Amino acid sequence: MKKKIMDKKTFFKLIKQGIPKELPPAPKKNPNLDHAPAKKHNLTVNEKKLALENALRYFPKKTHAKLIHEFSEELENTGKIYMFRYKPKYKITCRSIDEFPHKSSKAAAIMLMISNNLDNEIAQHPEELITYGGNGSVFQNWAQYLLTMKYLSVMTDNQTLVLYSGHPLGLFPSNENAPRVVVTNGMMIPNYSQPQHYNKFNALGVTQYGQMTAGSFMYIGPQGIVHGTTITILNAIRMKGKNNKKLKLFLSSGLGGMSGAQPKAAKIAGLLSVTVEVNKKAIEKRHSQGWVDVIISDLDELVVRVRKAQELNKIEAIGFNGNIVDVWEKFYAENIFIDIASDQTSLHNPFDGGYFPNKMSFGEAVKLIKNDHIEFKKNVQRTLREHVAIINKHVERGTYFFDYGNAFLLEAKRAKAEILNNDGGFKYPSYVQDIMGPLCFDYGFGPFRWICASSKDSDLEKTDKIAQKTLEKLIKSCEKEISLQMRDNIDWIKSAKKNKLVVGSKSRILYANSDGRIAIASAFNKAIKKGEIGPVIIGRDHHGVSGTDSPYRETSNIYDGSQFTADMAMHNVIGDSFRGATWVSIHNGGGVGWGEVINGGFGMVLDGSKEAEINLRDMLHWDVNNGIARRSWARNKGAISAIKTAMKKEKLLKVTLPNIVDKDLFKDF
Ligand SMILES: NC(=O)c1ccc[n+]([C@@H]2O[C@H](COP(=O)([O-])OP(=O)(O)OC[C@H]3O[C@@H](n4cnc5c(N)ncnc54)[C@H](O)[C@@H]3O)[C@@H](O)[C@H]2O)c1
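Residues numbered from 1 in each chain as written. Predicted model: local features only at pLDDT ≥ 70, side-chain atom pairs only at ≥ 80, totals over all residues.

Engineer: Break down the overall build of the protein for me, citing the residues and quoting the values.
Structural biologist: The helix and strand inventory of the protein stands at 22 helices and 17 strands. At 24 Å, the protein has a C-alpha radius of gyration in line with the 26 Å of a compact globule built from 669 residues. Projected onto its principal axes, the C-alpha positions of the protein cover 70 × 60 × 55 Å. In the protein, which comprises 669 residues, the share counted as buried stands at 56%. The contacts of the protein with a sequence gap of at least 6 include a subset with a gap of at least 24, amounting to 73%. (Helix = DSSP H or I, 4+ residues; strand = E, 2+ residues; numbered from the N terminus. Rg over C-alpha atoms; globule rule 2.2 N^0.38 Å. Buried ≥ 20, exposed ≤ 12 C-beta atoms within 10 Å, placed from the backbone. Contact = placed C-beta atoms within 7 Å.)

Here you go:
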């Protein structure tokens, strides 16, 4: 049953109250929600006391004697103190900005975004404040949520809220053009950035895994990932598809927060797909949304269904409830040719429920995580070795396999699977190396998204039209190298409404380069000024040209050694913050694992003002060209060409260009 939205006055009062002085009723787990798998904390007795002391500092002293036992139990039972008792009783959902108490409309826009990320119908594990990716947290606990919302409700445009991994340090005086919120998630001293450190410091309540758009409040439901996956699969099949049959087959795993996008994207791209998922709850959710057409749990039945679909040329999204390795093996035995394939289990978090071993049931595996972590880890690594072995056999038959940014290659290597070439490099590319890097990121194409702060469908429709018209105008004079990307995104926005991808906030995504993003944002700002639409929040995923340093993903097509540095992401977020971003965020972790990536993002509120116009031009230009300049310095051909074009268009832009060394000079070395 849907929860009724409470009346505005009571809701305002509760938000402004922050952490209640009196104890709310004892917590009850909602059995209808998907809960995060319990972990075993690795704290010593003294560290456990520290975790409890850390948690209790949010609450009045008089409540401590009661809460200490409850929190101690939570820590033992779930591996973390979430403070379930303090989850608000009102429905957390993205109301329009006017429906949040505020003194700054920008702060209200941020409340809208936070609420969207924590909505029961959107978040993966809403009671544990996790939006997606198994551990992508918005906050570490409910006290942080309550306090943050209270601060946002009272802040003015002369204050900035500082968030340390979900913890609101406080409001600090600043100025109107400063960001209203600065977010950091999981930033560690580098030597303390290994997975075991994360488990410890997260259990202590001093750091969190913000993933990419979870802890930066930019999650817009599965639409973002459907778009990115569609573009990836579309280009993968164009570039690498080998068979001549019309209907091509895509195999992958995972129907969770992000991975759930795969069947939908495959359908939009015109492919037959099989997506394998071990967790019944997750597969049923996607089935109820219509993203998988059918759920099959018998391997023989699956083979029949695939053959039939190919015979009939029927584009179908098949969900298989089971283990991905079993399906790879069955298809090999049955001689089913897989055209393109990937994997989207949560391998950035392999030993705490991100990747499930074969040869045991899902229920047995969940128990093993808690009861015998070492044995669970052994089984994960054994399964990974088998997983790679069977992929290798399919690839010999002509399948194109790519890593889709879930740390598959990295974890397979750590598990000692046959994943390396003789030269020590990986056998398979990351999708960025082969596809997204050279086609999109090097030219500045990356995720650009917007959210209508009025929460009105009609505003979203109008913005869709504005974006389409803007791109259709730009494509007429764009460089040849980028016209295919422009075309794909015009096609995307034309059918965006029909694809029914909006869940929660009224938002949209497309890929555009610097010119495209600026032109669209400016057109929105003009429409807002004229009163045609309400305010619009613009932002992006962290998965793009400039916000993210990730050597096995976003920056995996950088080959000058600098793929292991994180200067670009740091500069990106600092640069955005003084060019008018409404909020900025910088994270350790992201999609590929703790210590493996630094990624940054921003949000900007367009309100139709002159200042918004100046800010959007200034900030979006930097936000994209910072990344192109770095890619160009790494000698990426497309990026060199793109930055030269950018310099011709903007005379104030002066970028250091690389001199290319003649390879013949190395023949004596
Ligand atoms: N390339 C990208 O743009 C991109 C974007 C988002 C996420 N990711 C990465 O993809 C991964 C998945 O993200 P998510 O948000 O969907 O995570 P998720 O945890 O919500 O979903 C992963 C799903 O895989 C299932 N699974 C695990 N092991 C399995 C197995 N052996 N066989 C079948 N199913 C299995 C899990 O039950 C889970 O439902 C993460 O590592 C994430 O970081 C990549």
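Now, onward.
Engineer: Residue-level account of helix α20 (residues 567-577), with values.
Structural biologist: Of the positions making up α20, those classed as buried are Met-568, Ala-569, Asn-572, Val-573, Gly-575, Asp-576 and Ser-577. Looking at the buried side of α20, the elements it contacts are β5 (181-185), β15 (548-549), β16 (583-588), β17 (598-606) and α21 (610-633).

Engineer: Break down the domain arrangement of the protein for me, with residues and values.
Structural biologist: You can read the domains of the protein as domain 1 (8-121 + 139-204), domain 2 (223-429) and domain 3 (437-660). Each of domain 1 and domain 3 has a C-alpha centre, and these two points are 29 Å apart. Taken together, the contact between domain 1 and domain 3 spans 27 residues of the former and 23 residues of the latter. Looking at the side of domain 1 that touches domain 3, the element that brings in the most residues is helix α4 (residues 105-118), giving seven residues. Taken together, the residues of the side of domain 1 that touches domain 3 break down into 14 nonpolar, nine polar and four charged. (Domains from an automatic or database assignment. Nonpolar A, V, L, I, M, F, W, Y, C, P; charged D, E, K, R; others polar.)

Engineer: So what about unusual backbone geometry? Which residues, and what values?
Structural biologist: The phi dihedral of Asn-313 is positive, around 55°, even though this residue is not glycine. Secondary-structure assignment places Asn-313 in the loop between α10 (299-312) and β9 (317-321). Here Asn-313 falls in the exposed class, since 10 other C-beta atoms lie within 10 Å of it.

Engineer: Before we move on, can you summarise α21 with the specific residues and values?
Structural biologist: Taking 1.5 Å per residue, 24 residues should reach 34 Å; α21 reaches 34 Å between its end C-alpha atoms and fits that length. For α21, the tally of buried residues reaches 17 of 24 residues, placing the bulk of the element in the interior. (Expected span 1.5 Å × (residues − 1).)

Engineer: Tell me about the nonpolar core, and please be specific about residues and values.
Structural biologist: Counting residues in hydrophobic clusters, the biggest one holds 190 residues, and the most contacted among them are Ile-110, Val-536 and Leu-606. The leading source of residues in this core is α4, at nine residues. (Core = buried A, V, L, I, M, F, W, Y, C linked by C-beta atoms within 7 Å.)

Engineer: Can you explain the site of the ligand? Please cite residues and give values.
Structural biologist: Neighbouring the ligand are 33 residues, the closest being Gly-256, Met-258, Ser-259, Gly-405 and Gly-591. If you list the elements that add at least two residues to the shell around the ligand, you get α7 (223-240) and β7 (272-277). Residues that form the shell around the ligand fall into these classes: twelve nonpolar, 20 polar and one charged. (Near = placed C-beta within 6 Å.)

Engineer: I'd like a description of the packing of α20 against α21, backed by residues and values.
Structural biologist: The interhelical angle for the contact between α20 and α21, taken along N-to-C directions, is 165°, at an axis separation of 9 Å. By the criterion of interaxial angle, the relationship of α20 to α21 is roughly antiparallel. Crossing of α20 against α21: the hand is right-handed. Contacts between α20 and α21 involve Met-568, His-571, Asn-572, Gly-575 and Asp-576 from the former and Met-619, Trp-622, Asp-623, Asn-626, Gly-627 and Arg-630 from the latter. Taken together, the residues that form the contact of α20 with α21 break down as three nonpolar, five polar and three charged. (Axes fitted to C-alpha atoms, helices over the stretch in contact; angles between N-to-C directions. Parallel < 35°, antiparallel > 145°, perpendicular 65-115°, else oblique. Left-handed = near helix turned anticlockwise from the far one by under 90°.)

Engineer: Help me get a handle on the environment of Asn-279, residues and values and all.
Structural biologist: Structurally, Asn-279 can be placed in the loop between β7 and α9 (280-288). For Asn-279, a count of 19 C-beta atoms within 10 Å corresponds to the partly exposed category. Taking C-alpha positions, Asn-279 is 45 Å from Ala-612, a pair spaced 333 residues apart along the chain.

Engineer: Before we move on, could you go through the sheet that holds strand β11 (residues 400-401) and cite the residues and values that matter?
Structural biologist: Read across the sheet, six strands follow the order β8-β9-β7-β6-β10-β11 without closing on themselves; strand pairing throughout is parallel. Looking at which strands have only one partner, the edges of the open sheet turn out to be β8 (294-296) and β11. The pairing of strand β10 (residues 340-341) with β11 spans two bridges and is classified as parallel. Within the sheet, the bridge partner assigned to Ile-340 lies in β11 and is Tyr-400. Running at roughly 160° to β9, α9 makes contact with β7, β8 and β9 of the sheet. (Pairing = 2+ DSSP bridges.)

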